[in-house]
There are 2 protein chains.
Amino acid sequence: MSRWRVTLEYDGSGFVGWQRQDNGLSVQQVLEEAVAGFAQERVTLFAAGRTDSGVHALGQVAHFDLQKKTDALTVRDALNFHCKPHPVAVLAAETVPDDFHARFSATRRHYLFRILNRRAPPVLDAGRVWHVPAPLDAAAMHAAAQLLVGQHDFSSFRAAECQAESPVKTLDALTVSRMAEEIHVTAAARSFLHNQIRILAGTLRLVGEGKWPTGRVHDALEARDRSAAGPTAPPAGLYLAKVDY
Amino acid sequence: MSRWRVTLEYDGSGFVGWQRQDNGLSVQQVLEEAVAGFAQERVTLFAAGRTDSGVHALGQVAHFDLQKKTDALTVRDALNFHCKPHPVAVLAAETVPDDFHARFSATRRHYLFRILNRRAPPVLDAGRVWHVPAPLDAAAMHAAAQLLVGQHDFSSFRAAECQAESPVKTLDALTVSRMAEEIHVTAAARSFLHNQIRILAGTLRLVGEGKWPTGRVHDALEARDRSAAGPTAPPAGLYLAKVDY
């Protein structure tokens, strides 16, 4: 038996999310069926981040165990062949020690949230960005974001259905920068609460539009109450970019 | 009467191309119907580049004449409203002098051709790139490209159905650079022959894969024969990026 680690890109639009669910197709199911098609083995895949429906991945990491003796290039190419026609790609595959766990061994997750900040609707990036037509002040958003970095009780930035034991998380970095018509929000932490980045993005938007003074973000954090923060941004702008081990 | 200039982004995948044709929907038709929906006027749009089916635009320019008195922000927003649900966006609108012509006044067209150069298939950029799995040497491609810059008879890089009077064109710039997994080919000229950039991209690929020595690109040019150049690259990687006036 070998443990395999795979790095994944996917378009989350048409999936119920990473995790298998009764109500539709998941990324997990596509990959588990691809492994079965390739190796005739029923496996379970474990991922670093259980992305929600509509959330994309540029560098999701998952692992699974395989009896079949094979090599890394074959695993990558065969899984890509068997993932068709679903929008899931295996960028890389490698064997890892048996104690590697894609979810529990991860030391940091990096997310990107893309905002298209122009009047015209997204066209080439439809389904890939959050469209915010009003002009956003990226510098003000970045300044507000710095008030959230560090170890805090993020209850205000947590979905009601969040199953984390504690609302205390350490946000290692939260940056906001403009690239022409796009605003990029990047977030890095060992782990996040459910919807945390989407609520952060939805809150920073209020600062960017000038509806909130910078300091109100601090007040929202202190409130430890979901209603004190901004609305949850849509999933289409969110990407699991990279996982550190 | 006012002459309006509009800057356009579109996803060319689902269109027969810019120009109206009997066999399907064109970008031109979408915009002419949007103008009719907004202003109740039947107009004809003229574009800087008559992009083929599947070719995208980041900054296509077109013009039309309107009797209705209105302002630039209204034209932009109203046309975007009336273009829905088609993947066409009006990025900007402005009035121009009556002698401005989107096609004939253009002094230079800038195109971008995107190649996704990795084994795994495109997922988030499906339909937006040309997928070339074999490793490409971007520096060798760039060196070969420089042999094509300048005024030449580009008969070897011209589709059979090209209607240009002369095969002689002046290629102002042709660059190839790598950005992580992507190879970007950029081309600038006052005007291009039909399929010229796609044939250039298809030929430079042969150099990038090491199948052609650099100098063979010069031989292909000298041959003045379509069969001497490489195959025509698919339209999905091509973008009309910008037009100078």
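Every value quoted in this text rests on a predicted model; they were computed, and no experiment measured them.

Chemist: Explain the environment of Asn195(A) here, please?
Modeler: Residue and element names in this part refer to chain A. With respect to the secondary-structure elements, Asn-195 resides in the loop between β9 (182–189) and α4 (196–208). Sequence separation between Asn-195 and Cys-162 is 33 residues, and the spatial gap between their C-alpha atoms is 8.0 Å. Setting aside its immediate chain neighbours within four residues, Asn-195 contacts Asp-52, Phe-157, Ala-159 and Thr-232.

Chemist: How do you make sense of the interface of chain A and chain B when you look at a structure like this?
Modeler: Many authors give the size of an interface as the accessible area that is lost as the parts come together. Counting residues at the interface gives 22 residues for chain A, matched by 22 residues for chain B. Around 1,700 Å² of area is buried between chain A and chain B when both sides are counted, 60% of it from carbon and sulfur atoms. Put simply, chain A and chain B have 4 salt bridges between them. Across the pair Asp77(A) and Arg119(B) runs a salt bridge, and its minimum N-O distance is 2.4 Å.

Chemist: It is not clear to me how the packing of helix α3 (residues 138–146) of chain A against α4(A) should be interpreted in this structure. Could you clarify?
Modeler: When two helices pack together, their arrangement is given by the angle between the helix axes and by the axis-to-axis distance. Residues and elements named next belong to chain A. At their nearest, the axes of α3 and α4 sit 8 Å apart, and the two run at 130° to each other. Viewed along their axes, α3 and α4 adopt a mutual orientation that is oblique. At the point where α3 passes α4, the crossing takes the right-handed sense. Counted together, Ala-140, Met-141, Ala-144 and Ala-145 of α3 and Leu-204, Arg-205, Val-207 and Gly-208 of α4 form the full contact between these two elements.

Chemist: How should the domain arrangement of chain A be read in this particular structure?
Modeler: All names here are of chain A. Parsing chain A into structural domains produces domain 1 (2–96) and domain 2 (108–244). Taking only C-alpha atoms, the centre of domain 1 and the centre of domain 2 are 27 Å apart. Each partner contributes residues to the interface: domain 1 has 15 residues there, and domain 2 has 16 residues. Between domain 1 and domain 2, a total of about 1,100 Å² is buried, with carbon and sulfur atoms accounting for 54% of that surface. Between the two partners, domain 1 and domain 2, sit 2 salt bridges. Here Asp-11 and Arg-128 are joined by a salt bridge, their closest N and O atoms 3.2 Å apart. Summed over the shared surface of domain 1 and domain 2, the number is 10 residue pairs in polar contact (both at pLDDT 80 or more).

Chemist: What am I meant to see in the side chain of Ser26(A) here?
Modeler: Looking at the element boundaries, Ser26(A) is found in the loop between β1 (2–10) and α1 (27–39). From its side chain, Ser26(A) meets the backbone nitrogen of Gln29(A) in a polar contact 3.1 Å long.

Chemist: Mind showing me how you'd approach helix α4 (residues 196–208) of chain B here?
Modeler: Quick reminder: α-helices carry 3.6 residues per turn. Residues three or four places apart thus point the same way. All names here are of chain B. An ideal rise of 1.5 Å per residue puts 18 Å on 13 residues; α4 measures up with 18 Å between its terminal C-alpha atoms. Here α4 lies mainly inside the structure; 12 of its 13 residues are buried. Listing the buried residues of α4 in full gives Gln-196, Ile-197, Arg-198, Ile-199, Leu-200, Ala-201, Gly-202, Thr-203, Leu-204, Leu-206, Val-207 and Gly-208. Positive phi shows up at Gly-210, right after α4, with a value of about 85°.

Chemist: Help me out: how do you make sense of the pattern of salt bridges in this one?
Modeler: Where side chains of opposite charge bring their charged atoms close, a pairing between them can arise. Applying the stated criterion across every chain, the model contains 32 salt bridges over all chains. Measuring nitrogen to oxygen at the nearest pair gives 2.6 Å for the salt bridge that ties Glu32(A) to Arg20(A). In this pair, Glu32(A) is assigned in helix α1 and Arg20(A) in the loop between β1 and α1, connecting sequence segments 12 residues apart. A salt bridge links Lys211(B) to Glu209(B), with the shortest nitrogen-to-oxygen separation between them at 3.0 Å. Here Lys211(B) falls in the exposed class, since its relative accessible area comes to 56%. Each of Glu9(A), Arg118(B) and Glu181(B) takes part in one network of salt bridges that share partners.

Chemist: Would you mind showing me how to read the packing of helix α1 (residues 27–39) of chain B against helix α2 (residues 72–83) of chain B here?
Modeler: All names here are of chain B. At a closest axis distance of 8 Å, the pairing of α1 and α2 adopts a crossing angle of 115°. Here α1 is positioned roughly perpendicular relative to α2, judged by the angle of their axes. For the element pair α1 and α2, the recorded crossing hand is right-handed. Where α1 abuts α2, its residues Val-30, Leu-31, Ala-34, Val-35, Gly-37 and Phe-38 lie against Thr-74, Val-75, Ala-78, Leu-79, His-82 and Cys-83.

The rules we used
Residues numbered from 1 in each chain as written. Chains lettered and ligands numbered in written order. Predicted model: local features only at pLDDT ≥ 70, side-chain atom pairs only at ≥ 80, totals over all residues. Heavy atoms only, no water. Helix = DSSP H or I, 4+ residues; strand = E, 2+ residues; numbered from the N terminus. Contact = heavy atoms within 4.5 Å. Buried area = accessible area lost by both parts, 1.4 Å probe. Salt bridge = Lys/Arg side-chain N within 4 Å of Asp/Glu carboxyl O. Axes fitted to C-alpha atoms, helices over the stretch in contact; angles between N-to-C directions. Parallel < 35°, antiparallel > 145°, perpendicular 65-115°, else oblique. Left-handed = near helix turned anticlockwise from the far one by under 90°. Domains from an automatic or database assignment. Polar contact = N/O pair within 3.5 Å; in protein donor to acceptor, adjacent residues only side chain to side chain. Expected span 1.5 Å × (residues − 1). Buried < 20%, exposed > 50% of the residue type's maximum accessible area, 1.4 Å probe, protein only.

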